[in-house]
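A closer look at the structure
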Amino acid sequence: KAGVTQTPRYLIKTRGQQVTLSCSPISGHRSVSWYQQTPGQGLQFLFEYFSETQRNKGNFPGRFSGRQFSNSRSEMNVSTLELGDSALYLCASSLGQGLGNTGELFFGEGSRLTVL
Amino acid sequence: DQQVKQNSPSLSVQEGRISILNCDYTNSMFDYFLWYKKYPAEGPTFLISISSIKDKNEDGRFTVFLNKSAKHLSLHIVPSQPGDSAVYFCAASDSGGYQKVTFGTGTKLQVIP
């Protein structure tokens, strides 16, 4: 079955602009998590959505937001971009709950954001 | 506040030898631990996991050991192969693994042929 799809793969923005990233989870997966990866910081948890509800949120400013649609697809938005927002943004999906849920996350290839 | 720590940013091992990657955690509520492998330009892929009720889990060449009293886990790869060269992330969660997974900063493993 198709894996996690993230679009766009690469994008360049300037400070002050806003950006929207999209994630399509594996069919049947209802949980979508977002992570930011920067050199030396590993994967920093942004938020997790399940059935259109945000269940968990990391320690990021309010400029970072997200949402999940009824088909489980998710978007994240970053407003008023700063240079430090340059990173690889990874989306991961999982069953989210129930039998067969091992907690394993399935990651997409990421969206590489560069802020100039 | 780094709740999952991988203190070795890199590790080099000869092909055929054992690779040992270490991870420490501070949150005693973590009850599920996972290792992910990441190649450049790809997303991380799940490697192996362990529940806090166990102290060892094996899957082929990969074994994860958990020492709860020390809040320490390690990943052993035996024998190491050049294709194992990647960044390895240790991860932990406190909700059965599905709600919020906290990752370490990663260890870059290089297996030398």
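The coordinates are above.
For clarity, every value in this text was computed on a predicted model and none was experimentally measured.

Quick word on the pairing of strand S11 (residues 107–112) of chain B
Residues and elements named next belong to chain B. A one-sided burial pattern is seen for S11, the buried positions being Thr107, Leu109 and Val111 and the unburied ones Lys108, Gln110 and Ile112. Pairing of strand S2 (residues 10–14) with S11 involves five bridges; the strand directions are parallel. Looking at the pairing, Ser12 lines up with Gln110 of S11. When strand S9 (residues 86–93) meets S11, the two strands line up antiparallel, connected through three bridges. Paired with Ala86 across the strands is Leu109, a residue of S11.

A few points about the nonpolar core
Counting residues in hydrophobic clusters, the biggest one holds 23 residues, and the most contacted among them are Phe33, Trp35, Leu73, Leu75 and Tyr88 of chain B. For this core, the elements supplying multiple residues, two or more each, are strand S3 (19–25), strand S4 (32–38), strand S5 (45–51), strand S7 (62–67), strand S8 (72–77), S9 and S11 of chain B. Counting residues per element, this core draws most heavily on S9 of chain B, which supplies four residues. Among all residues touching Leu75 of chain B, those that are not within four sequence positions of it are Ser19, Ile20, Leu21, Trp35, Leu47, Ile48, Phe62, Thr63 and Tyr88 of chain B. In terms of nonpolar packing, the next biggest core, distinct from the first, is built from 21 residues, Phe47, Met76, Leu81 and Leu113 of chain A among them.

Quick word on the sheet that holds strand S1 (residues 4–5) of chain B
All names here are of chain B. Across the sheet, five strands lie side by side as S1-S3-S8-S7-S6; this open sheet has antiparallel pairing. Bordering the open sheet on either side are S1 and strand S6 (56–59), each of which pairs with just one other strand. In the sheet, S7 pairs with S8 via six bridges, with the strands oriented antiparallel. If you follow Phe62 over to S8, its bridge partner there is Ile77.

Parameters and conventions
- Residues numbered from 1 in each chain as written.
- Chains lettered and ligands numbered in written order.
- Predicted model: local features only at pLDDT ≥ 70, side-chain atom pairs only at ≥ 80, totals over all residues.
- Heavy atoms only, no water.
- Buried < 20%, exposed > 50% of the residue type's maximum accessible area, 1.4 Å probe, protein only.
- Helix = DSSP H or I, 4+ residues; strand = E, 2+ residues; numbered from the N terminus.
- Pairing = 2+ DSSP bridges.
- Core = buried A, V, L, I, M, F, W, Y, C linked by side-chain atoms within 4.5 Å.
- Contact = heavy atoms within 4.5 Å.

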